[in-house]
Amino acid sequence: MPHAPFDCDLLVVGSGAAGLAAAVSAAHLGKRVILVEKDAVLGGATAWSGGWLWAPRNPLARRAGIVEDIEQPRTYLRNELGEHYRPELVDAFLQNCPDMVAFFEQHTALQFVDGNGIPDMHGDTPGAATGGHQVIAAPYDGREVLDLLPRLRKTLRETSFMGMPIMAGADLAAFLNMTRSPRALLHVIRRFTTHLYHLARYGRAMHLVNGVALIARLARSAQDLGVQMLVSTPAQRLIVEDGSVCGAVVLHAGAEMPIRAKAVVLAAGGFPNDPERRRAMFPRDASGYDNLALPPLGCSGDGLRLGESVGGRVADDLRSPVAWAPVSKVPYPDGSVGHFPHIIDRGKPGIIGVLQDGQRFVNEAGGYYDYVDAMLKAIPEGQEACSWLICDHRFQRRYGLGFARPAPLPVSPHIRNGYLKRGATLEELAVACGIDTLGLVATVNEFNRHARLGEDPQFGRGSTPFNRRSGDAQHAGPNPCVAPIEHGPFYAVKVQPGCFGTFAGLRTDGQARVLDAHDEPIPGLYAAGTDMASPLGGHYPSGGINLGPALTFGYIAGRHAAAL
């Protein structure tokens, strides 16, 4: 704990990307910053994410020769968001995100790797880019944060292998090609051997990538700048004097303690695990637990309640209150259940998604948000909200299916515990899943008839740059996203609506200041990340649109608060 008096220039509530970005930005300007986190570890939902940021016109793209006017991403967002387009928020994001990336590159331990080859999700929307909008935190050696390691959240176990996270790009490609390429196999052997050594020496992965690397680099930067980071310290209520927020009462070691500050930034992770607000705002969530949330349980609406207690309002007019993701339940031997996000497998050639009637309902190679959105629209009210991803044996051994990894790892454990369903024929598979038999057989036969020609006339799979990026460039057919499903046995995994987080946060202005009922800023109060209402109106125009705005508005909030 800091020594008395417990005061500072800026108090940050939450330790994900938005909160740490705000803390680092203000501390760099010489301000005294305290950050409180209710969980025992730092990182929030960011640590369990892929770590990608959508940041148009970023310095890495410019250095690679990708130069665009601000009007291109503005045009894309104007067409994507439609009636939910708010110029003040969109412009604040687009104008500041290049500066945000440059600031962290130049002044902190946060360094990036470009994702210049990743297109925007909806390639047929005017203004969509074919690349240059993505960055991800560079891999980080855990020995750089040895003193912080016990306080950093480990990677999500469903998206790692024995605790070893795998980075999107060349690293992931090597793991998928290890049975077909000696070079890829050598890479995997080196990575895994090093990981085993790290487990024996340090008890955890030390080659940090994705969201864990982002958090580790931000936490290292915060500590180096003197930010006091207090874990297991939830914020109980805000302190208000003369109409201004000037700190909060927190709970530490079982006792309440006031921390006074000139300003407070709320960045506590939205409400993906708040059943009461989920029942009120999520579609198809009568129990408050029906949808499968990926963020940690600590992301349970604390920041929103704090903001509402002093006059802030949670947006209820967004395109969606939730950042959808297709998720399957992973059973473990100890009886616990994990959540696996289906990000990679859906775009590969030789898989389709079907409903209970056996019919397809979406372009499976499209965005993860779009998959769930289409699923919910296609399923009648009163029927269970779920779909099934269907593939054959060749696909499963080549790419894996959800949590069931590809060859050489065995598939039988996932059959035994019920995660995967298997059938020697499509008819057997349909019976095992409770899918309409005639519907499934007819759907697969019709899909195969066109897939052999590399076509998908029903949904146009493989027709956009994002689709093709999601496919397999090494696939022998004319379409990297399409192949027939014909080599039994056949497999299926049940996919349900899930989420990366929430969009319905507190209304703010372009400086991330929380607004009251009259759309006036509440003095001393800011919100960023998913505690802030989606600046993109609850739409999902591209990968990284959670973390890109989170870091950008955290950066904006920290700098603006530092000027008070």
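Let me begin by describing the structure that accompanies this report.

## Side note on the packing of aromatic side chains
With the rule as written, the count across this model stands at 16 aromatic pairs. Note on Tyr332 and Phe403: the rings are 6.1 Å apart at their centroids and 75° apart in plane angle, and the pair reads as edge-to-face. Here the residue Tyr332 occupies a position in the loop between strand 15 (322–331) and strand 16 (337–341), and Phe403 occupies one in the loop between helix 11 (393–399) and helix 12 (412–416), the gap between them amounting to 71 residues. Across the pair, Phe403 and Tyr332 agree in class, each one buried. Aromatic side chains Phe403 and Tyr419 sit 6.4 Å apart centroid to centroid with 85° between the ring planes, which places their arrangement in the edge-to-face category. You can see Phe403 sitting in the loop between helix 11 and helix 12 and its partner Tyr419 sitting in the loop between helix 12 and strand 19 (420–423), a full 16 residues away along the chain.

## Observations concerning helix 10 (residues 368–378)
Extensive coverage of helix 10 is indicated by the burial of eight of its eleven residues. If you check which residues of helix 10 are buried, you get Tyr368, Tyr369, Tyr371, Val372, Asp373, Ala374, Met375 and Leu376. Here the buried face of helix 10 lies against strand 15, strand 17 (351–354), strand 18 (387–392) and strand 20 (490–502).

## Looking at the packing of helix 1 (residues 17–28) against helix 16 (residues 547–562)
Contact pair helix 1 / helix 16: the axes reach a minimum separation of 7 Å and the direction vectors enclose 35°. The handedness of the crossing between helix 1 and helix 16 is right-handed. Seen from helix 1, the contacting residues are Ala17, Ala18, Ala21, Ala22, Ser25 and Ala26; seen from helix 16, they are Leu547, Ala550, Leu551, Gly554, Tyr555, Gly558, Arg559 and Ala562. Classifying every residue of the contact of helix 1 with helix 16 gives ten nonpolar, three polar and one charged.

## Notes on helix 13 (residues 426–433)
In an α-helix, one turn spans 3.6 residues, which is why side chains three or four residues apart end up on the same side. Buried residues of helix 13: Leu426, Leu429, Ala430 and Cys433, and no others. Here the buried residues of helix 13 occupy an arc of 100° about the axis, which is enough to place them on one side. Close packing links the buried residues of helix 13 with strand 18, strand 19, helix 14 (437–451) and strand 20. Residue Gly434 follows helix 13 closely and has a positive phi angle near 80°.

Definitions and cut-offs
Counting from 1, residues in each chain are numbered in the order their sequence is written. Only residues with pLDDT of at least 70 are given local features in this predicted model, and only at 80 or more are side-chain atom pairs given and counted; all residues enter the totals for whole chains, interfaces and linings. Side-chain measures here rest on the full set of heavy atoms in the structure, leaving out hydrogens and waters. Side-chain rings of Phe, Tyr and Trp (the six-membered ring for Trp) are treated as a pair once their centres are within 6.5 Å; stacked means planes under 30 degrees apart, edge-to-face means over 60, and tilted covers the remaining angles. Helix and strand assignments follow DSSP, with helices taken as H or I runs no shorter than four residues and strands as E runs no shorter than two, numbered in order from the N terminus. Note on classification: 1.4 Å probe, protein chains only; a residue is buried when its accessible area is under 20% of the maximum for its type, exposed when over 50%, partly exposed between these limits. We call two residues in contact when some of their heavy atoms are within 4.5 Å. Simply put, an axis is a line fit to the C-alpha atoms, just over the touching stretch for a helix, and the angle between two N-to-C directions goes from 0 to 180 degrees. Put simply, a crossing is left-handed when the front helix is turned counterclockwise from the back one by less than a right angle, and right-handed when it is turned clockwise. All amino acids are sorted into three groups, where Ala, Val, Leu, Ile, Met, Phe, Trp, Tyr, Cys and Pro are nonpolar, Asp, Glu, Lys and Arg are charged, and the leftover types, Gly among them, are polar. What the arc measures is the spread of directions leading from the helix axis to the C-beta atoms.

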